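Structural description and commentary
Here are the chains, one letter per residue:
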Amino acid sequence: LPRDARACHVPYGGVDTDRLLGSLDVATIDHPDLPDAQPRVVVTPKGISALHSLINARQEMFDNVYWHHTNRACMVMLLRAVQDALSAGCLAPNDLWRLDDTSLMTTLQAPAMPETTRRLATALASRAIHKRALEVGNRAIELYGRLGNLWFDPAARREVELQMAAALSRRLGRPVGEADILIDIPKPERWKTDVWVVYAQPPVGLLPQMHWKDVVGLGDQDFKRYEEHRRLIRIVTEPSLRAVVAEEWESLIYPLFGGMF
């Protein structure tokens, strides 16, 4: 987190690393909520605030860097470029781990790649990034849920993108590229703070061994709730289509889900 913050020149991602590492210990936790007593890594009281700084840093970096609309547009463009190359058999899954940033972009722009793959990779290389035409928050319950479910089915997500492009092409009376409209669905994050705090001399009212959530009053669901309110699903488009998609999004999306909104 501090590395990413420095690289992106943002004032987020601060973690009191030295204090957190210095507070780590190993203890055998014997508690009714655990199936058996066994040694595990714990934190001492001086690590409570430092651990909280780690959680806050993670939330801040997702908010301001990892989920930033430009970063996410680049991500979904790359995702679709690779997906189309894989679907066409021009790239094999086992080829991907051998590639670094430069060799991947070179590979995706090769003449043998599908036209959508080459166009997206070339756009990324020249920083002609897709623009956000629509943002959907979790309070749009039905739409957010339908679009969010596409994260688990990349082929279905791609089919919806193709259908939106085809529908807009018919509406405009001119060709719209198959990858000109993309759906960005950030991965649902896991917030799991299975951490125990061990006191040598616990304050009155506290126990020598307590779960993190009982010490600070914040549990996984609190962090998850924040994430769900900040995690946006976006429709991003080739720049020239941004305005029309922003205006016509309902007629492009709703028919694909049977109009059940």
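The present account deals with the structure reproduced in this document. Every chain is numbered independently, its residues counted from 1 as its sequence is written. Residues qualify for local features only when their pLDDT is at least 70, as the model is predicted, and side-chain atom pairs are given and counted only at 80 or more; totals for whole chains, interfaces and linings, by contrast, use all residues. Side-chain numbers here rest on the full set of heavy atoms in the structure, without hydrogens or water.

This brings us to the pattern of salt bridges. Salt bridges are defined by distance alone: a side-chain nitrogen of Lys or Arg within 4 Å of a carboxyl oxygen of Asp or Glu. Within the structure shown, the criterion is met by 15 salt bridges. One salt bridge in this structure joins Arg132 and Glu135, with 3.1 Å as the shortest N-O distance. Think of it in three bands: with a 1.4 Å probe and only protein chains considered, a residue is buried below 20% of the maximum accessible area for its type, exposed above 50%, and partly exposed in between. Since its relative accessible area comes to 35%, Glu135 is described here as partly exposed. Two residues, Glu248 and Arg171, come together in a salt bridge whose shortest N-O distance is 3.0 Å. In this pair, Glu248 is assigned in helix α12 (residues 242-253) and Arg171 in helix α9 (residues 154-172), connecting sequence segments 77 residues apart. Classification of Glu248 as partly exposed rests on a relative accessible area of 25%. Each helix is a run of DSSP H or I of at least 4 residues and each strand a run of E of at least 2, with the numbering of both proceeding from the N terminus.

The next point concerns the pairing of strand β7 (residues 233-237). Among the five residues in β7, five count as buried, and that is most of the element. Taking every second residue as pointing to the same face, both faces of β7 are buried, with Ile233, Ile235 and Thr237 on one and Arg234 and Val236 on the other. Relative to β7, strand β3 (residues 131-136) runs antiparallel, the two being bridged by five bridges. When the bridges of β7 are listed, Arg132 appears paired with Val236. The pairing criterion for strands is at least two bridges between them, as found by DSSP.

Turning next to unusual backbone geometry. Of note, the phi angle at His9 is positive, near 55°, even though the residue is not glycine. Looking at the element boundaries, His9 is found in the loop between α1 (2-8) and α2 (17-22). Taking the relative accessible area as the measure of exposure, His9 reaches 71% and is therefore exposed. Its identity as a non-glycine residue notwithstanding, Arg127 has a phi of 60°, on the positive side. Note that Arg127 resides in the loop between α7 (115-125) and β3. Of the residues examined, Arg127 reaches a relative accessible area of 59% and is grouped as exposed.

When a protein is soluble and globular, its nonpolar side chains tend to lie buried together. We define the nonpolar core as a collection of buried residues of types Ala, Val, Leu, Ile, Met, Phe, Trp, Tyr and Cys that are connected through side-chain atoms lying within 4.5 Å of one another. Ranked by size, the top nonpolar core spans 24 residues in total, and within it Leu147, Met164, Ile183, Ile235, Val245 and Ile253 carry the most contacts. Element by element, the count of residues in this core is highest for α9, at five residues. With near-sequence residues (within four places) excluded, Ile235 lies in contact with Lys131, Arg132, Ala133, Leu134, Met164, Ile181, Leu182, Ile183, Val245 and Ile253. Listed in part, the 19 residues of the second largest apolar core include Leu91, Met105, Leu182 and Val236. Note on contacts: a residue pair qualifies if any of its non-hydrogen atoms lie within 4.5 Å across the two residues.

Quick look at the packing of aromatic side chains now. Each Phe, Tyr or Trp ring, with Trp reduced to its six-membered ring, pairs with another whose centre is within 6.5 Å; inter-plane angles below 30 degrees give stacked pairs, above 60 give edge-to-face pairs, and intermediate values give tilted ones. Under the definition given, this model contains four aromatic pairs. On the basis of an interplanar angle of 55° and a centroid distance of 5.1 Å, the ring pair of Phe62 and Trp67 is categorised as tilted. Phe62 sits in the buried class, given a relative accessible area of 11%. Three or more aromatic residues link up through ring pairs in this structure, and these residues are Phe62, Tyr66 and Trp67.

This part covers empty space enclosed by the protein. Here a cavity means grid points, on a 1 Å grid over the protein atoms only, where a 1.4 Å probe fits yet cannot get out; a pocket means an open set of points with protein on both sides within 12 Å along at least five of seven lines; lining residues are those with an atom within 4 Å of a point. Grid points are joined across faces, edges and corners, and a volume is the space filled by probe spheres set on the points. For the structure on display, the rule yields one cavity of 30 Å³ or more. Its boundaries defined by the atoms lining it, the largest cavity holds a volume of some 40 Å³. As for the largest cavity, its lining consists of Gln59, Phe62, Asp63, Trp67, Trp191, Tyr226, Glu227 and Arg230. Among the secondary structure elements, those contributing two or more residues to the lining of the largest cavity are α3 (48-66) and α11 (220-230). Taken together, the residues of the lining of the largest cavity break down into four nonpolar, one polar and three charged. Ten residue types, Ala, Val, Leu, Ile, Met, Phe, Trp, Tyr, Cys and Pro, are classed as nonpolar, four, Asp, Glu, Lys and Arg, as charged, and the remainder, Gly among them, as polar.

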